[in-house]
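Residues per chain are reported as follows:
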Amino acid sequence: MNKTRWLTLLLLISLGINLLLAGTYAGWVMSRGKMLHIPPEFGWMIKEMKSEATREEIHPLLTKHNKQMRPIRREIGIAQRNFNKLLVEPELDEEAMAESLRRLRDASSQYQVEMHKMMLQILSTLNVEERNKISHYLQKHSKEKRRGGKGRDNRQEHREKRQSGNDVKIP
C-alpha cells in the first residue's frame, strides 16, 4: 500500500476510536442521573431485590440516607482516630481515652439508630416476596456467622476442633 492509503486507514481507525470514546462518555454522563448508588450497609439487601422498579423507588431514600449518614460516619472516623492516637501516647490519659470512647460509642449508636430507620423505610416499600427473600438471606447468613464460615468442610473442621478440645487432660 502507498502512503496515502496507510494515512487514510490510520485516520479512519483514529476516528473510530474517538467516536467510541466520545459515545461511551456521553452515555455515562446521560445515565449518571439514573444510576443507583447503593450504600454499603444496604448492598446485601438491595442485591436480594430483583425488581428494577423497587430499586428505582428506593433510590431517593438511599440518596437522602447517604447525605444524613456522612457526618455520622465522619464523627465515627474522628473518634476512632483520636482513640488510636491516645492509645500510643507514652503517658496513658484515662480521662481523654474514656471521652474518646464515649464519643465513638455515641456516634456508633446514632449510626445504628439511623440505619434502623432507613431499613424500616426500605422494608415498608417492599412486597411480601421481597421481604421473605431478605428474611431468608438474614437467616442463612446468621447461621453461617455462628458456624464461622460456609460449607460442610468448615462444619466438619469445627466439629473436630470441639472434639479435640474435649480430650485435653488437666493435671
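All of these numbers come straight from a predicted model, not from anything done at the bench. (Residues numbered from 1 in each chain as written. Predicted model: local features only at pLDDT ≥ 70, side-chain atom pairs only at ≥ 80, totals over all residues. Heavy atoms only, no water.)

(A) Representation of the overall build of the protein. Within the protein one finds six helices and zero strands. Overall, the protein shows an N-to-C arrangement of helices and strands of α-α-α-α-α-α. Taking all 171 residues of the protein together, the buried fraction comes to 19%. Within the protein, residue pairs in contact and separated by at least 24 positions form 65% of the contacts whose partners lie at least 6 positions apart. Of the roughly 13,500 Å² of accessible surface on the protein, a fraction of 58% belongs to carbon and sulfur atoms. (Helix = DSSP H or I, 4+ residues; strand = E, 2+ residues; numbered from the N terminus. Buried < 20%, exposed > 50% of the residue type's maximum accessible area, 1.4 Å probe, protein only. Contact = heavy atoms within 4.5 Å. Areas by Shrake-Rupley, 256 points an atom, 1.4 Å probe, with all protein chains shown as cover.)

(B) Structural context of the confidence of the model for the protein. Summarising the model, the protein shows a mean pLDDT of 77, and 70% of its residues fall at 70 or more. Ranking the elements of the protein by mean pLDDT puts helix 6 (residues 151–166) last with 50 and helix 4 (residues 94–125) first with 90. For the stretch residues 162–171, pLDDT sits under 50, and the model shows zero contacts to residues farther than four places along the chain or on other chains. (pLDDT = per-residue confidence, 0-100.)

(C) Spotlight on helix 3 (residues 52–87). Where helix 3 bends most, the angle comes to about 40°, and this point is His59, followed within four residues by the proline Pro60. Along helix 3, the positions that sit buried rather than exposed are Thr54, Ile58, Leu62, His65, Asn66, Met69, Ile72, Gly77, Ala79, Phe83 and Leu86. (Bend = angle between axes of the 7 residues up to and from the residue.)

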